[in-house]
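Chain and residue survey
Residue-level listing of the chains:
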Amino acid sequence: HADAAMYYAKSLGKRNFQFYAPTMTHEAMRRASVERQIRIALEEGGFTVEYQPKIGVRSRRLIGFEALVRLKPVDGRPPLSPVEFIPIAEDSGLIVPLGTWVLNEACRQNKAWQNAGYLPVPVSVNVSAVQFRSSEFAATVRQALKSTGLNPAYLDLEITETTIMQNFEHGVTLMRQLQAIGVGVSIDDFGTGSSSLSKLKLFSADTLKIDRSFIRDLPHDRDDAAITSTIIELARNLDQKVVAEGVETQEQLAFLQEHGCDEAQGFFFSAPLSAQRFEALYGKQW
Ligand code: C2E
Ligand code: MG
Ligand code: MG
Ligand code: MG
């Protein structure tokens, strides 16, 4: 353990030298190291945001984009992915300042593009369960819109189905507050949580976002094809928009078009890009 602790301290560089109790497990040391990286990145401007386009399945044009947080690389080393650091940010509470930073940065960038004359489209920002449960969240959204001047119609919040269903009564109250502000709400990773249909109707999100796990094996997997077409139908009957995430192939896109899916997002169109590289997608026809 002492060797491992030294290795971790060194791997962070001199600047980040830190002590570990010899009794800490390898996993605890890893988490402490990631937590410290998050803290330092928050203080020193070490985060950035990438943007991934959402495309109209019929128009084949940009109709929105999702903001995805990234750690900037340090000393040329590949940074940790959000899949690794978001859970640790959640457990440590750092997700609250981090989430607020992403929200403000995404709103600022979207407003800047609108000011520069690009076609206005909504930016979608992911909301963690920890932010969702906080009583301050609606005020944080209001403040981000106010300080950046972004019209609420151009902000969409992605909240996972699991988060909503685990905090349902609070979720409905928050949803009403967000609707009053005028922002959109999408249910992310839809199909992986456990919605009851009556709760889904009561929550009344604007958009269902079909989880990538159902898209991956389309159109060949019969179960996934049935689930995907059923979610599309459900969204239509509830008067909600439907987005497919993780679209990687022409065949998947053709299936989605045939079944009336409104929007698609995935590597088939583009990976998440830096703001600078994203600008080229505004005029693009896929
Ligand atoms: P998510 O919100 O479901 O985001 C979609 C993830 O799928 C992104 O991974 C994106 O890069 C990836 N993706 C997009 N298209 C494709 C595709 O065609 N194929 C495959 N295999 N993957 C695709 P990323 O950026 O690593 O983010 C992972 C998760 O981390 C997100 O899932 C979200 O839950 C969380 N996350 C990312 N940024 C934020 C953030 O700013 N705040 C919060 N709370 N969570 C975030
Ligand atoms: Mg998302
Ligand atoms: Mg998702
Ligand atoms: Mg997902």
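Described in the following lines is the structure provided in the data block.

Conventions used here
Sequence order as written defines residue numbering, which begins from 1 separately in each chain. Here the convention is simple: chains get letters from A, ligands get numbers from 1, in the order in which they are written. The model is predicted, so local features are restricted to residues of pLDDT at least 70 and side-chain atom pairs to those at 80 or more, both for listing and for counting; the totals for chains, interfaces and linings are taken over all residues. Only hydrogens and water are removed before side-chain values are computed, so all heavy atoms of the structure are retained for them. Here the term donor refers to an N, O or S atom within 2.8 Å of the metal (or 3.2 Å for Na, K and Ca), and because water is left out of the atoms, sites may appear incomplete. Secondary structure counts use DSSP, requiring at least four H or I residues in a row for a helix and at least two E residues in a row for a strand, with both numbered from the N terminus. With a 1.4 Å probe rolled over the protein chains alone, any residue whose accessible area is under 20% of its type maximum counts as buried; one over 50% counts as exposed, and the rest are partly exposed. Note on terminology: near, applied to a residue and a molecule or strand, indicates that one of the residue's heavy atoms is within 4 Å of it. N or O atoms closer than or at 3.5 Å make up a polar contact, with two conditions inside protein: a donor-capable atom paired with an acceptor-capable one, and, for residues adjacent in sequence, both atoms drawn from side chains. Exposure was quantified through the Shrake-Rupley algorithm and a 1.4 Å probe, taking into account, for residues, occlusion by the shown protein chains and nothing else. Residue type decides the class: Asp, Glu, Lys and Arg count as charged, Ala, Val, Leu, Ile, Met, Phe, Trp, Tyr, Cys and Pro as nonpolar, and the leftover types, Gly among them, as polar. The axes used here are C-alpha line fits, helices contributing only the stretch in contact, and every angle between their N-to-C directions lies in the interval 0 to 180 degrees. Each crossing gets its hand from how the near helix is turned against the far one by less than a right angle, where anticlockwise is left-handed and clockwise is right-handed. Two residues qualify as a contact provided that any one of their heavy atoms is within 4.5 Å of a heavy atom in the partner residue. Planes of paired rings set the category: under 30 degrees apart is stacked, over 60 is edge-to-face and the rest tilted, where pairs are Phe, Tyr or Trp rings (Trp by its six-membered ring) whose centres lie within 6.5 Å.

Details of the coordination of the magnesium ion (ligand 3)
Within the protein, Asp 188 (OD), Asp 189 (OD) and Glu 245 (OE) serve as the donor atoms for the magnesium ion (ligand 3), at 2.0 to 2.5 Å. A separation of 3.7 Å is found between the magnesium ion (ligand 3) and the magnesium ion (ligand 2), which share Asp 188 as a coordinating residue. Of the two residues, Asp 188 sits in strand S5 (residues 184-190) while Glu 245 sits in the loop between strand S7 (241-244) and helix H12 (250-258), which places them 57 residues apart along the sequence. By relative accessible area, which is 11% here, Glu 245 ends up buried.

Focus: the coordination of the magnesium ion (ligand 2)
The magnesium ion (ligand 2) binds to the protein through Glu 66 (OE), Asn 126 (OD1), Glu 158 (OE) and Asp 188 (OD), with metal-donor distances spanning 2.0 to 2.3 Å. Considered as a linear motif, the donors of the magnesium ion (ligand 2) on their single chain read E-x59-N-x31-E-x29-D. Relative accessible area serves as the criterion here: at 5%, Glu 66 is assigned to the buried category.

A few points about the site of ligand 1
Taken together, 21 residues lie around ligand 1, and Arg 70, Asn 126, Arg 212, Glu 248 and Phe 267 are the ones closest in. At a separation of 3.2 Å, a nitrogen atom of ligand 1 approaches a polar backbone atom of Val 69. If ligand 1 stood free it would expose 810 Å²; the protein chains cover 83% of that surface. Contributions of two or more residues to the shell around ligand 1 are made by strand S2 (62-71), helix H3 (82-92) and S5. Broken down by element, the residue count for the shell around ligand 1 peaks at 4 residues, all from S2. Considering only residue class, the shell around ligand 1 consists of 9 nonpolar, 5 polar and 7 charged.

Here's the deal with the packing of helix H4 (residues 95-115) against helix H6 (residues 137-148)
At a minimum axis separation of 9 Å, H4 and H6 run at an interaxial angle of 35 degrees. The hand of the H4/H6 crossing is right-handed. Where H4 approaches H6, its residues Thr 100, Leu 103, Asn 104, Cys 107, Arg 108 and Lys 111 are matched on the opposing element by Thr 140, Val 141, Ala 144, Leu 145, Ser 147 and Thr 148. Grouping the constituent residues of the contact of H4 with H6 by class yields 5 nonpolar, 5 polar and 2 charged.

Digging into the packing of aromatic side chains
Across all of its chains, the model carries 13 aromatic pairs by this definition. With 6.5 Å between their ring centres and 40 degrees between their planes, Phe 47 and Trp 101 make a pair best called tilted. Taken together, the residues Phe 47 in strand S1 (residues 47-56) and Trp 101 in helix H4 connect sequence positions 54 residues apart. Judged by its relative accessible area of 4%, Phe 47 falls in the buried class. Judged by relative accessible area, Trp 101 falls into the partly exposed class, the value being 32%. Members of the aromatic cluster, joined through ring pairs, are Tyr 51, Phe 65, Trp 113, Tyr 118, Phe 278 and Tyr 282.

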